[in-house]
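Below, each chain spelled out in residue letters.
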Amino acid sequence: MEKGTAQSLRLYNLLEEPIFRVQTREGRRRLSLPEVFEALGRDEIEHFLGLQKHQEDPFHVFLSYLGAAVLARNGEEDPVRPADYWRDKLRALAGPAGDDAWTLVVEEMLQPAFMQPPLPRADHARLKPTAYTPDELDLLPTAKNHDLKKARASSAEVDGWVYALISLQTMSGYYGRGNRGISRMNSGYGNRPIAEVVRSFRPGRRWKDAVERLLLHRREVLRRPFGYDPHQGLVLVWTEIWDGKTSLPLRRLDPFYLEICRRIRLRSDGTSIVQADSLPADNDRIAAKDLKGVVGDAWLPVVMPKDAKDEPKAYTVPPEGISVDTLRRLIFEEGFELGALQKPLDRWQGDVYFSISVLVRGEGKTNGFYHQIVTIPERAHPRLWKRQEQRETFAKLSKNAVERAGEVEHRILKPAVYALLGNLERGGRENVTFKTWWERAAREYTAAWEDAFFPWLWSVPEDVSRDEALQEWTRKLYSIALEVLRETERRLPSKEGRRYQTVAAAERIFLGAFYNRFSELSQQRKEEVHP
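Residues numbered from 1 in each chain as written. Predicted model: local features only at pLDDT ≥ 70, side-chain atom pairs only at ≥ 80, totals over all residues. Heavy atoms only, no water.

**Q** I would appreciate a short explanation of the overall build of the protein chain in the present structure.
**A** Helix and strand counts for the protein chain come out as 12 helices and 16 strands. Expressed as a percentage of the 531 residues in the protein chain, the buried residues total 56%. In the protein chain, 70% of the contacts between residues at least 6 apart in sequence involve partners at least 24 apart. Of the roughly 23,800 Å² that the protein chain leaves accessible, carbon and sulfur atoms contribute 47%. (Helix = DSSP H or I, 4+ residues; strand = E, 2+ residues; numbered from the N terminus. Buried < 20%, exposed > 50% of the residue type's maximum accessible area, 1.4 Å probe, protein only. Contact = heavy atoms within 4.5 Å. Areas by Shrake-Rupley, 256 points an atom, 1.4 Å probe, with all protein chains shown as cover.)

Spelled out as structure tokens, the structure:
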């Protein structure tokens, strides 16, 4: 690496300066990065101030990989350590880069800065401004009028730049020519879902649980033919100079490598950060495109091929988000391969939570941030993680229940709603748009049954037959669908003289279709039609 001058400007050393704003039980504090690790080990942090919703999981992953890498390199397992321990080990992890690797602004661009690679001298003049606030730098440059709004603060807090850099460098896909994507993703047009079973969302407890399981996960990754170097491999990928053309093979990396995908440098006016400059790259930083995102990431579910000719690939969440069917397949590991982070440790007691979050991007836009959390009560743990035969039985039941929900929607609710709309049409309501009204009803039905799905599934007794369980679920679907139909009835305009006929006809179709399809429930029929 070409050497820069020792006298060049440096601002905001994460190892030494209290940059991170945190809320503790005693009040607000500012901590350095080593102090953050110490506080996490003691479970003292309530939350990180200024950390946006879509940044929470990426920052958790960053801290967990970093903490686990330090422990693994030093032959340790206990993450509860004082700040001095973390400071010394983080400094050592940076190697010759020293504190520059942990400093946000390093004027000498032949040296690294935090999450910012050194650049060849010939590229320095080619840098162009790309952002003036952390939110402009974040991976949401096109999320206009979105639930994740770009902040417009002209005087951003320093930790905001840290979170934006981590979000950009560890979660981004391709974004136009020269803006490369990460390796932990199936193609640059995919996304990186973060899936984890947790027993607490407190930052410290979640971090300690993740680090402990990461050390187990590391052993499994090293048994596979990725070629990682667990002794000398790079953890801090940004410490090596990047000309935009050279890609790093996995054999140069530690299994817990913290990657970058963009050539970014923060700039200062001498006292504060004023902008981020960037320049394009011709190639990905990590040479792993052929692996389709399957690089041993502990948080990323892997889709297993149905055909022997196909290969495993990292899971990509579609634009419409994460359906209940996908959630149940993930939880039951049906068509997916999960790792240590998606399962609890045997000694855990009490309820746990399956959490998955993702920012879904389209071409030139952000489609949405999704975060799904499924509570898994302790009584369900054996059927999920300890008894294979029971697991398979409940996996099949969950699949049948999802199929039953679709059947009620399309074969029972939809004809009834269309009959309701059709009567109104004949009554002179030509302005009624069938598709719009049906889509609203379908959304309401789906939201209601999806909310009820997992609580019902975990409540099913172990000794109940599949048919009995499905009958109980079908009764729930009946109630949900009938309520949606009646809510649609209440919303639709209608001449008073025709309302009774319209409603009665629609409900006759609903009840007839339901009991014709599920005749075994007909004897339990109660009075459902309006008088």
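Structure shown, so let's carry the discussion forward.
**Q** Any chance you could explain helix H5 (residues 158–171) here in plain terms?
**A** Three or four residues apart is the spacing at which side chains of an α-helix point the same way, because the helix has 3.6 residues per turn. The terminal C-alpha atoms of H5, which comprises 14 residues, lie 20 Å apart, in line with the 20 Å expected from a rise of 1.5 Å per residue. The buried fraction of H5 amounts to 14 of the 14 residues, a majority that puts the element mostly inside the structure. (Expected span 1.5 Å × (residues − 1).)

**Q** Where do I start with the sheet that holds strand E3 (residues 27–31) in this structure?
**A** Remark on secondary structure: sheet strands pair via backbone hydrogen bonds, oriented parallel or antiparallel. Read across the sheet, three strands follow the order E3-E2-E4 without closing on themselves; strand pairing throughout is antiparallel. Only two strands of the sheet have a single neighbouring strand rather than two, namely E3 and strand E4 (45–48). With strand direction ignored, the average angle separating the axes of adjacent strands in the sheet is 35°. Inspection of the sheet shows strand E2 (residues 20–24) paired to E4 by three bridges, in the antiparallel sense. Following the sheet pairing, Val22 is matched in E4 by Phe48. (Pairing = 2+ DSSP bridges. Axes fitted to C-alpha atoms, helices over the stretch in contact; angles between N-to-C directions.)

**Q** Looking at this model, I keep getting lost on the sheet that holds strand E10 (residues 263–268). Mind explaining?
**A** Spatially, the three strands line up as an open sheet ordered E6-E11-E10, and their pairing is antiparallel. Because the sheet does not close on itself, it has two edges, and the strands there are strand E6 (128–131) and E10. Direction aside, the axes of adjacent strands within the sheet are offset by 45° on average. Pairing geometry for E6 and strand E11 (residues 273–279), over three bridges, is antiparallel. The residue of E11 that forms the bridge with Pro129 is Asp277.

**Q** What's the story with the confidence of the model for the protein chain in this structure? I'm lost.
**A** Low pLDDT means the predicted atomic positions in that stretch should not be read closely. Here the protein chain averages 90 in pLDDT, while 90% of its residues score no lower than 70. Considering only residues more than four positions removed or in separate chains, one finds that residues 141–154, a stretch of pLDDT under 50, has 24 contacts. Contacts from residues 526–531, a stretch scored under 50 in pLDDT, to residues over four places away or in other chains number 14 contacts. (pLDDT = per-residue confidence, 0-100.)

**Q** Where do I start with a negative patch on the surface in this structure?
**A** Side chains of Asp290, Asp307, Asp310 and Glu311 sit close together on the surface and give a patch of like negative charge. Here Glu311 is to be found in the loop between strand E12 (302–303) and strand E13 (313–314). (Patch = residues over 30% accessible without salt bridge, like charges linked within 9 Å, V, L, I, M, F, W, Y side chains within 5 Å. Salt bridge = Lys/Arg side-chain N within 4 Å of Asp/Glu carboxyl O. Lys, Arg positive; Asp, Glu negative; His and termini not counted. Charge placed at Lys NZ, Arg CZ, Asp CG, Glu CD.)

**Q** It is not clear to me how the pattern of salt bridges should be interpreted in this structure. Could you clarify?
**A** Pairs may arise between side chains of opposite charge once their charged atoms sit close together. By the definition in use, this model includes 52 salt bridges. Between Arg184 and Asp297 there is a salt bridge, and its shortest N-O distance comes to 3.9 Å. Here the residue Arg184 occupies a position in the loop between H5 and strand E7 (194–198), and Asp297 occupies one in the loop between E11 and E12, the gap between them amounting to 113 residues. Summarising the burial analysis for this pair, Arg184 and Asp297 share the class buried. Notably, a salt bridge pairs Arg486 with Glu507, separated by 3.0 Å at the nearest N-O pair. Placement of Arg486 in helix H11 (residues 466–491) and of Glu507 in helix H12 (residues 496–517) is noted, with a sequence separation of 21 residues between them. A single burial state applies to Arg486 and to Glu507, both of which are buried.

**Q** What's the story with the layout of surface pockets in this structure? I'm lost.
**A** Sizing a probe to match a water molecule and rolling it over the atoms shows the empty space that remains. Quantified by volume, the second largest pocket comes out at close to 500 Å³. Lining the second largest pocket are 24 residues, with Leu93, Ala94, Gly95, Pro96 and Leu234 positioned closest to its centre. At the level of secondary structure, the elements contributing two or more residues to the lining of the second largest pocket comprise helix H2 (53–73), helix H3 (83–93) and strand E8 (234–236). A class-by-class count of the residues in the lining of the second largest pocket yields 10 nonpolar, seven polar and seven charged. (1 Å grid on protein atoms, 1.4 Å probe; cavity = no way out; pocket = protein on both sides within 12 Å on 5 of 7 lines; lining within 4 Å. Points joined across faces, edges and corners; volume = space filled by probe spheres on them. Nonpolar A, V, L, I, M, F, W, Y, C, P; charged D, E, K, R; others polar.)

**Q** What is the right way to read the environment of Phe114 from this model?
**A** Structurally, the position occupied by Phe114 is in the loop between strand E5 (103–106) and E6. C-alpha of Phe114 to C-alpha of Leu165: the two residues are 51 residues apart in sequence and 8.5 Å apart in space. In this structure Phe114 touches Leu14, Phe62, Asp100, Ala101, Trp102, Thr103, Leu104, Val162, Leu165, Ile166 and Trp238, once residues within four positions along its chain are discounted.

**Q** Mind showing me how you'd approach the environment of Leu250 here?
**A** You can see Leu250 is positioned in the loop between E8 and strand E9 (253–258). Note on Leu250: relative accessible area 7%, which makes it buried.

**Q** Teacher, can you tell me more about the nonpolar core here?
**A** Note on soluble globular proteins: their nonpolar side chains tend to be buried together. Counting residues in each nonpolar core, the largest one holds 82 residues, and the members touching the most others are Trp102, Leu104 and Phe114. Per element, the largest residue contribution to this core is 10 residues, and it comes from H2. Apart from residues no more than four positions distant in its own chain, Trp102 is found in contact with Tyr12, Asn13, Leu14, Leu15, Leu33, Leu66, Leu90, Arg91, Ala94, Phe114, Leu236 and Trp238. Of all hydrophobic cores here, the second largest spans 66 residues; its members include Ile356, Ile412, Leu457 and Ile480. (Core = buried A, V, L, I, M, F, W, Y, C linked by side-chain atoms within 4.5 Å.)

**Q** Looking at this model, I keep getting lost on the side chain of His124. Mind explaining?
**A** Assignment of secondary structure puts His124 in the loop between E5 and E6. Relative accessible area serves as the criterion here: at 16%, His124 is assigned to the buried category. If we skip the residues at most four places from it in the chain, His124 touches Glu108, Met109, Leu110 and Leu119.

**Q** What am I meant to see in the pairing of E9 here?
**A** Remember that side chains alternate between the two faces of the sheet whenever the strand is regular. Across the six residues that make up E9, a large majority, six, are buried. Bridge analysis of E8 against E9 gives two bridges, and the strand direction is parallel. Among the inter-strand pairings, Leu236 is bridged to a residue of E9, identified as Leu258.

**Q** Even after reading the chapter, I still don't get the packing of helix H1 (residues 33–41) against H2, so can you show me in this structure?
**A** Packed helices, taken two at a time, are described by the angle their axes make and the gap between the axes. As a packed pair, H1 and H2 sit with axes 12 Å apart at the nearest point and diverge in direction by 90°. On the basis of their axis angle, the class for H1 and H2 is roughly perpendicular. Every residue of H2 that contacts H1 at Leu33, Phe37 and Leu40 is listed here: Leu63, Leu66 and Gly67. In the contact of H1 with H2, the residues fall into five nonpolar, one polar and no charged. (Parallel < 35°, antiparallel > 145°, perpendicular 65-115°, else oblique.)

**Q** Just checking my understanding: could you explain empty space enclosed by the protein for this structure?
**A** A complete count under the given rule lists five cavities of 30 Å³ or more for this structure. In this structure, the largest cavity occupies an estimated 160 Å³ of space. Along its surface, the largest cavity is lined by 17 residues, and His54, Met171, Val358, Leu359 and Phe369 are the ones closest to its centre. At five residues, the largest contribution of residues to the lining of the largest cavity is made by H2. When its volume is computed, the second largest cavity comes out at roughly 130 Å³. Lining the second largest cavity are 15 residues, and of these Tyr174, Ile182, Ser183, Asp284 and Lys289 sit closest to its centre.

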